[in-house]
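Residue-level structural notes
So the chains spell out like this:
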Amino acid sequence: MGAAIAPIAMTMMAGACLIDRLRGFGGGVSSALEEELAGARRDAREAQKQVAAIKAQLERLADDRAEAQAHQRRMEQNAQQQLQTAENRRQDEARAAELRLREREIEAEQELVRERLEAAQRLKEERDASERRAEEAVQAERARVQEEMRRKWLEMNRDYPIPAYLEPFVTPVLKDADAGAQQALYVNVAVV
């Protein structure tokens, strides 16, 4: 629209310039021409006002467009931030799920270690108990053998007492097996 008005304004201004030149040459200008010139000047002023209004309207449109573009950029930035926030949240949830899974794995490993320790402890207790039973069985057998040897010794000494002069050279069978193991041993030989 501004492009259509500009040639009209230029034509009117050219006409006004032509009339001014004619005046400068001393020629008389008729009143009709003067009126036409005044009308052309009015039209030119009107055209300039319209051009100014159109320019203002174009500036407003440019401002509106800039504002719309800025609004669009803000909307895109907000959308991008929301996407980034959603992605961060998803990553955080994935990390949290991974941590929970790792914690469960660690708890399972700890439970397995605990079970192995308990099994090892039970095995050690059973082994210790077995060793105690074996030791008790050995001691009971030793005590039984000692008691049998003591019974035989006492029976032989009752039937065949050792003379007092030979007692230092004979190893007696004591009631206590440990004390008997500590004494000096002699070979007991008897002649009948």
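Residues numbered from 1 in each chain as written. Predicted model: local features only at pLDDT ≥ 70, side-chain atom pairs only at ≥ 80, totals over all residues. Heavy atoms only, no water.

**What about the overall build of the protein?**
- Counting its secondary structure elements, the protein contains three helices and zero strands.
- Counting from the amino terminus, helix and strand elements in the protein follow one another as α-α-α.
- For the protein, with 192 residues in total, the buried portion stands at 10%.
- For the protein, restricting intrachain contacts to residue pairs at least 6 apart in sequence, the fraction spanning at least 24 positions comes to 41%.
- A total of about 16,300 Å² of accessible surface is found on the protein, and carbon and sulfur atoms cover 56% of it. (Helix = DSSP H or I, 4+ residues; strand = E, 2+ residues; numbered from the N terminus. Buried < 20%, exposed > 50% of the residue type's maximum accessible area, 1.4 Å probe, protein only. Contact = heavy atoms within 4.5 Å. Areas by Shrake-Rupley, 256 points an atom, 1.4 Å probe, with all protein chains shown as cover.)

**Focus: helix H2 (residues 31–159)**
- Taking 1.5 Å of rise per residue, the 129 residues of H2 would be expected to cover 192 Å, and the 186 Å separating its terminal C-alpha atoms lies within 8% of that figure.
- Burial in H2 covers these residues: Leu37, Gly39, Ala40, Ala44, Ala47, Ile54, Ala70, Ala129, Gln146 and Trp153. (Expected span 1.5 Å × (residues − 1).)

**Digging into a negative patch on the surface**
- Taken together, Glu59, Asp63, Asp64 and Glu67 make up a surface patch of like negative charges.
- Within the fold, aspartate 63 resides in helix H2.
- For aspartate 63, a relative accessible area of 51% translates into the label exposed. (Patch = residues over 30% accessible without salt bridge, like charges linked within 9 Å, V, L, I, M, F, W, Y side chains within 5 Å. Salt bridge = Lys/Arg side-chain N within 4 Å of Asp/Glu carboxyl O. Lys, Arg positive; Asp, Glu negative; His and termini not counted. Charge placed at Lys NZ, Arg CZ, Asp CG, Glu CD.)

**Topic: the pattern of salt bridges**
- Counting across every chain of the model gives nine salt bridges.
- Among the salt bridges present, the one from glutamate 87 reaches arginine 90, with a minimum N-O distance of 2.5 Å. Within this pair, glutamate 87 and its partner arginine 90 are both found in helix H2, separated by three residues, close to a single helical turn.
- The salt bridge involving arginine 95 is made with aspartate 92; its shortest N-O contact spans 2.4 Å. Here arginine 95 pairs with aspartate 92, and both are found in helix H2, just three residues apart, close to one helical turn.
- Aspartate 92 gets classed as partly exposed once you look at its relative accessible area, which sits at 43%.
- Three or more residues joined by partner-sharing salt bridges are found here, namely Arg102, Glu105 and Glu109.

**A look at the layout of surface pockets**
- Roughly 170 Å³ of internal volume is contained in the second largest pocket.
- Along the walls of the second largest pocket sit 13 residues, with Gln146, Met149, Gly180, Ala181 and Gln183 positioned nearest its centre.
- Sorting the residues of the lining of the second largest pocket by element identifies H2 and helix H3 (177–182) as the ones contributing at least two each.
- Ranked by residues supplied to the lining of the second largest pocket, first place goes to H3 with four residues. (1 Å grid on protein atoms, 1.4 Å probe; cavity = no way out; pocket = protein on both sides within 12 Å on 5 of 7 lines; lining within 4 Å. Points joined across faces, edges and corners; volume = space filled by probe spheres on them.)

**Details of the side chain of glutamine 146**
- Looking at where glutamine 146 falls in the secondary structure, it is placed in helix H2.
- Apart from the residues lying within four places of it in its own chain, the contact partners of glutamine 146 are Val173, Leu174, Lys175, Asp176 and Ala177.

**Points about the environment of arginine 150**
- Within the element layout of this structure, arginine 150 appears in helix H2.
- Distance from arginine 150 to aspartate 176, taken between C-alpha atoms, is 9.5 Å for residues 26 residues apart in sequence.
- Contacts of arginine 150, omitting those with residues within four sequence positions, involve Val173, Leu174 and Lys175.

**Quick notes on the confidence of the model for the protein**
- Overall, the predicted model of the protein reaches an average pLDDT of 83, with 80% of residues at or above 70.
- When mean pLDDT is compared element by element in the protein, H2 scores highest at 91, while helix H1 (residues 2–24) scores lowest at 58. (pLDDT = per-residue confidence, 0-100.)

**Comments concerning a nonpolar patch on the surface**
- Among the surface-exposed residues, Tyr165, Leu166 and Phe169 lie close enough to one another that they form a single nonpolar patch of about 360 Å² accessible area.
- Residue position: phenylalanine 169 is located in the loop between H2 and H3.
- Of the residues examined, phenylalanine 169 reaches a relative accessible area of 54% and is grouped as exposed.

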